[in-house]
Amino acid sequence: MSPKHLLSVRDLSSSQIKELVENAVVQGIPYCESLPQASAVAMIFMEPSTRTRTSFELAAKALGRRTVVLGSKESSLSKDETLWDTMLNLHAMGCELFILRSSADVDIEALRNFTVGPVINAGAGMLEHPTQALLDLATIWNQTAGRSWEAVKKQRWVMVGDLKRSRVAGSWSALAEMLGIELHFVSPPEWAPETLAPGQTWTDDLEKGIKGATGLISLRVQKERFAEGESWNPRELAAYIKHFQITAKHLNQGEGLWMMHPGPVNWGVELEACLLDYRKSLILEQVAHGMKVRSRLLFELLR
Ligand code: CP
């Protein structure tokens, strides 16, 4: 597996995705001595992050790489230096791979022309978060009996929440289409996805939308990405909770549905607070698979 960059899940073929997931889950963090002599990995995080930032940093260190973590406020990005110039300067100091997190929709197509080292999209605006979708997939594949892609294809996954602003939904929609995974969406009408891949459906009826589901992927209400002037008053919050909050009643059907969430969770908003210790929650499994998938991805891109 050797894509030049990972800016979208579509930068990988479906067989590369499966290979990455299988290697990550089965082998865990790669043994690092086969890598060429260490230089540094640059992590440009222009937006706060706990899971993505920490897992990439730990993964790079596990592979024997030094890391440079740069935020927008304390770097010359705050003086209007461009991202492109920032990466060139970091490369001149020995950085060989670039991991980017941005609250704005960065120009992914322009980044494809960056030739000095691989670039990984660690969450870009409302566009894509490819490594989140890949680690979610690893979590799902891992919990099937016998770790089976055929079993994954027989499942039905439903994504519920703030689809409009979700970069995870963007990556998941593409991933599900590529791998033939059944994926459906539930949200308020104003947060519906603009487009749907073939076979994917959307509804604003939570009860109807989750019928027959194997698991639910809950998404955070992303208030920090509300448009200027857009706000949420207590009445709107109460209405959202009433119609779209996932509760124990929704999950405890039949054998029980799997519960996933990319984090951070607004407990009591998109997920009922009592689900913190729900028996079929995969939320921390997702985080653990993040380490494995991201270290495998770095291993593949660095060698
Ligand atoms: N899921 C996710 O991207 O979490 P962080 O924002 O904490 O990295």
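Provided above is the structure to which this section pertains.
First, a word on scope: everything that follows refers to the structure included in this document.

Cut-offs applied
Residues numbered from 1 in each chain as written. Predicted model: local features only at pLDDT ≥ 70, side-chain atom pairs only at ≥ 80, totals over all residues. Heavy atoms only, no water. Helix = DSSP H or I, 4+ residues; strand = E, 2+ residues; numbered from the N terminus. Expected span 1.5 Å × (residues − 1). Buried < 20%, exposed > 50% of the residue type's maximum accessible area, 1.4 Å probe, protein only. Near = heavy atom within 4 Å. Polar contact = N/O pair within 3.5 Å; in protein donor to acceptor, adjacent residues only side chain to side chain. Areas by Shrake-Rupley, 256 points an atom, 1.4 Å probe, with all protein chains shown as cover. Nonpolar A, V, L, I, M, F, W, Y, C, P; charged D, E, K, R; others polar. Contact = heavy atoms within 4.5 Å. Pairing = 2+ DSSP bridges. Axes fitted to C-alpha atoms, helices over the stretch in contact; angles between N-to-C directions. Parallel < 35°, antiparallel > 145°, perpendicular 65-115°, else oblique. Right-handed = clockwise from strand over helix to strand, strands pointing away.

### Let's talk about helix 2 (residues 51-62)
Between its first and last C-alpha, helix 2 extends 16 Å over twelve residues, near the 16 Å set by a 1.5 Å rise per residue. Residues of helix 2 that are buried: Thr-52, Ser-55, Phe-56, Glu-57, Ala-59 and Ala-60. Two residues or fewer after helix 2 comes Gly-64, characterised by a positive phi angle close to 80°.

### Observations concerning the site of the ligand
Neighbouring the ligand are Ser-49, Thr-50, Arg-51, Thr-52, Arg-101, His-129, Gln-132, Pro-262 and Gly-263. The separation between an oxygen atom of the ligand and a polar side-chain atom of Arg-51 is 3.0 Å. Taking His-129, its side chain carries an N or O atom lying 2.9 Å from an oxygen atom of the ligand. When isolated, the ligand has an accessible area of 250 Å², and the protein chains bury 92% of it. When its residues are assigned to classes, the shell around the ligand shows one nonpolar, six polar and two charged.

### So, the side chain of Gln-245
Within the fold, Gln-245 resides in the loop between helix 9 (234-244) and helix 10 (248-251). For Gln-245, the side chain forms a polar contact with the main-chain oxygen of Gly-268, separated by 2.9 Å. Sequence-distant contacts of Gln-245, defined by excluding residues within four places in its chain, comprise Leu-206, Tyr-240, His-250, Gly-268, Val-269, Glu-270, Leu-271 and Glu-272.

### Quick notes on the sheet that holds strand 2 (residues 66-71)
Taken in spatial order, the four strands make up an open sheet running 2-1-3-4, and their pairing is parallel. Where the open sheet ends on each side, the last strands, each with one partner, are strand 2 and strand 4 (119-124). Averaged over all neighbouring strand pairs, the angle between strand axes comes to 15°, with direction disregarded. Seen against the sheet, helix 2 touches strand 1 (40-45), strand 2, strand 3 (95-102) and strand 4 and runs at an angle of roughly 175° to strand 1.

### Some points on the packing of helix 1 (residues 14-27) against helix 7 (residues 167-179)
Running from N to C, helix 1 and helix 7 point in directions that differ by 105°, and their axes come no closer than 9 Å. On the basis of the axis angle, helix 1 is roughly perpendicular to helix 7. Contacts from Ser-14, Ile-17 and Lys-18 of helix 1 reach helix 7 at Leu-175, Met-178 and Leu-179. Taken together, the residues of the contact of helix 1 with helix 7 break down into four nonpolar, one polar and one charged.

### Some points on the pairing of strand 2
Direction of pairing for strand 1 relative to strand 2: parallel, over a ladder of six bridges. The residue bridging Ile-44 from the neighbouring strand is Leu-70, located in strand 2. With respect to chirality, the unit in which strand 1 leads through helix 2 into the neighbouring parallel strand 2 is right-handed.

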